[in-house]
Structure formats: structure tokens, C-alpha cells
Amino acid sequence: MGRARERMAAGEQLALLGLPAGADPTIDLTVPPTGAARVGGRYRVPVEGRWWWAFASTLELGRAHALGRDLAATWPDLPAGDQLRLRWDPLTQVTVAYVETSAPPGSSGERCVVELLDALLARWTVDELVGPSSPFAARR
């Protein structure tokens, strides 16, 4: 996917899955039975008796970190040992925010994790739309 992104950025039109070049295929993500998918592209996936909640953003890692630092530092009641983490993928130009948690689905601990990610997603989305690096910023 990363190499395809680089080729497209260079102006090349790619053909995927036998579709005509320039076609816009739809990609559906699914989660296992104990997983979850929420509006905004947040997903819960079970991993060895724990759960990973994650979502992706096109914000650069430094900007994403700066916008989320105070939320992560002051968020109340995350389950013991849970931390918000960010990972930048230079090939796809995506930052992934994730929390690995022991809080089971439906618990108050999970609600706290989800609320933190909801708040972060909202903040990042606003910045992507109207922040200084937004493609719309120059139009203001």
C-alpha cells in the first residue's frame, strides 16, 4: 500500500484487482466476533486475552503528539497499565493511535479508553480540517 501511495503521488494511475486504472475501489474492514468497529474508523480487536483499540490519522506524528499530549496526561481512570500510544508509518504517511487494554468489552474501563480515543479523534479531525497544515487553511 505504501509503494502504491508513492506511485500515485508521482502521478501514476494504478489498476487494482483488475479494475480500470483510476477506479476507486471500496475496502471493507471486518473484526472478529469479540471485536468492534465504531464510527470514525475506531476498531477493537482481541489479542491474547487483551483488547486493542485503534484508529488512524493523516496527521504527522509530531503534530498528532502535540495535539494529544494534554489529553493523555490528564485523562482520568484509564485501567491500570493502559497508555495511549502513537505510531507513525512513513510509507503510508499515517499516524495510528492505539491503546492496548485489559478492560473487557462493556466495562467502565473500556468506556474510559473509548472516550479518550473519541476525544483525540475529534481534536485531530478538527486540526486536519482547519489546522495550520490543512489544505483548507490557505483559503481562509
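Thresholds applied
- Residues numbered from 1 in each chain as written.
- Predicted model: local features only at pLDDT ≥ 70, side-chain atom pairs only at ≥ 80, totals over all residues.
- Heavy atoms only, no water.
- Helix = DSSP H or I, 4+ residues; strand = E, 2+ residues; numbered from the N terminus.
- Buried < 20%, exposed > 50% of the residue type's maximum accessible area, 1.4 Å probe, protein only.
- Contact = heavy atoms within 4.5 Å.
- Areas by Shrake-Rupley, 256 points an atom, 1.4 Å probe, with all protein chains shown as cover.
- Pairing = 2+ DSSP bridges.
- Axes fitted to C-alpha atoms, helices over the stretch in contact; angles between N-to-C directions.
- Expected span 1.5 Å × (residues − 1).
- Bend = angle between axes of the 7 residues up to and from the residue.
- Polar contact = N/O pair within 3.5 Å; in protein donor to acceptor, adjacent residues only side chain to side chain.
- Core = buried A, V, L, I, M, F, W, Y, C linked by side-chain atoms within 4.5 Å.

Student: Help me out: how do you make sense of the overall build of the protein chain in this one?
Tutor: Helix and strand content of the protein chain: three helices and five strands. From first element to last, N terminus to C terminus, the protein chain shows the α and β order α-β-β-β-α-β-β-α. Considering the protein chain as a whole, with its 140 residues, one finds that 29% of them fall into the buried category. Long-range pairs, those at least 24 residues apart, make up 56% of the contacts in the protein chain between residues at least 6 apart in sequence. Carbon and sulfur atoms make up 57% of the accessible area of the protein chain, which totals about 9,100 Å².

Student: Teacher, can you tell me more about the sheet that holds strand E5 (residues 94-101) here?
Tutor: Hydrogen bonds between backbone atoms are what pair the strands of a sheet, whose relative direction is either parallel or antiparallel. Taken together, five strands build an open sheet; the order of strands is E1-E2-E3-E5-E4 and the sheet is antiparallel. With partners counted over all chains shown, the strands left at the sheet margins are strand E1 (36-38) and strand E4 (84-89), one partner each. Direction aside, the axes of adjacent strands within the sheet are offset by 25° on average. Taken together, the seven bridges between strand E3 (residues 50-57) and E5 define a ladder with antiparallel strand orientation. Of the residues in E5, the one forming a bridge with Ala54 is Tyr98. Of the strands in this sheet, E4 and E5 are in contact with helix H2 (residues 61-74), which crosses E4 at around 175°. Across the sheet, helix H3 (residues 108-130) lies against E1, strand E2 (42-47), E3, E4 and E5, angled at about 5° from E3, the strand it touches most.

Student: I'm lost on the side chain of Asp82 in this one. Help?
Tutor: Mapped onto the elements of the fold, Asp82 is located in the loop between H2 and E4. Its relative accessible area of 7% is what places Asp82 among the buried residues. Sequence-distant contacts of Asp82, that is, excluding residues within four places in its chain, are made with Arg50, Val99, Glu100, Thr101, Ser102 and Val113.

Student: Which parts of the structure should I look at to understand H3?
Tutor: Helical geometry note: an α-helix holds 3.6 residues per turn, so side chains three or four residues apart project in the same direction. The terminal C-alpha atoms of H3, which comprises 23 residues, lie 33 Å apart, in line with the 33 Å expected from a rise of 1.5 Å per residue. Residues of H3 that are buried: Gly109, Glu110, Cys112, Val113, Val114, Leu116, Leu117, Leu120, Leu121, Trp124 and Asp127. Of the surrounding elements, those touching the buried residues of H3 are E1, E2, E3, H2, E4 and E5.

Student: In this structure, what is going on with H2? I would like to understand it.
Tutor: In this model H2 runs 20 Å from its N-terminal to its C-terminal C-alpha over 14 residues, within 8% of the 20 Å that 1.5 Å per residue would give. When the local axis directions of H2 are compared, the greatest deviation, roughly 45°, occurs at Gly68. Buried within H2 we find Ala64, Leu67, Gly68 and Leu71. Close packing links the buried residues of H2 with E4, E5 and H3. The N-cap of H2, judged by a side-chain oxygen 2.9 Å from the amide nitrogen of Gly62 a few residues on, is Glu60.

Student: Looking at this structure, I do not really get the environment of Asp82. What am I missing?
Tutor: For the pair Asp82 and Val113, spaced 31 residues apart in the sequence, the C-alpha separation amounts to 8.5 Å. Of the polar contacts made by the side chain of Asp82, one reaches the side chain of Thr101; its length is 2.3 Å.

Student: Help me out: how do you make sense of the nonpolar core in this one?
Tutor: When a protein is soluble and globular, its nonpolar side chains tend to lie buried together. Core analysis: the largest hydrophobic core is formed by 17 residues, its most contacted members being Trp53, Phe55, Leu84, Ala97, Leu117, Leu120 and Trp124. Elements supplying a minimum of two residues to this core: E3, H2, E5 and H3. Here this core gets seven residues from one element, more than from any other, and that element is H3. Aside from chain neighbours lying at most four places away, what touches Trp124 is Phe55, Ser57, Leu59, Ala64, Leu67, Gly68, Leu86, Thr95 and Ala97.

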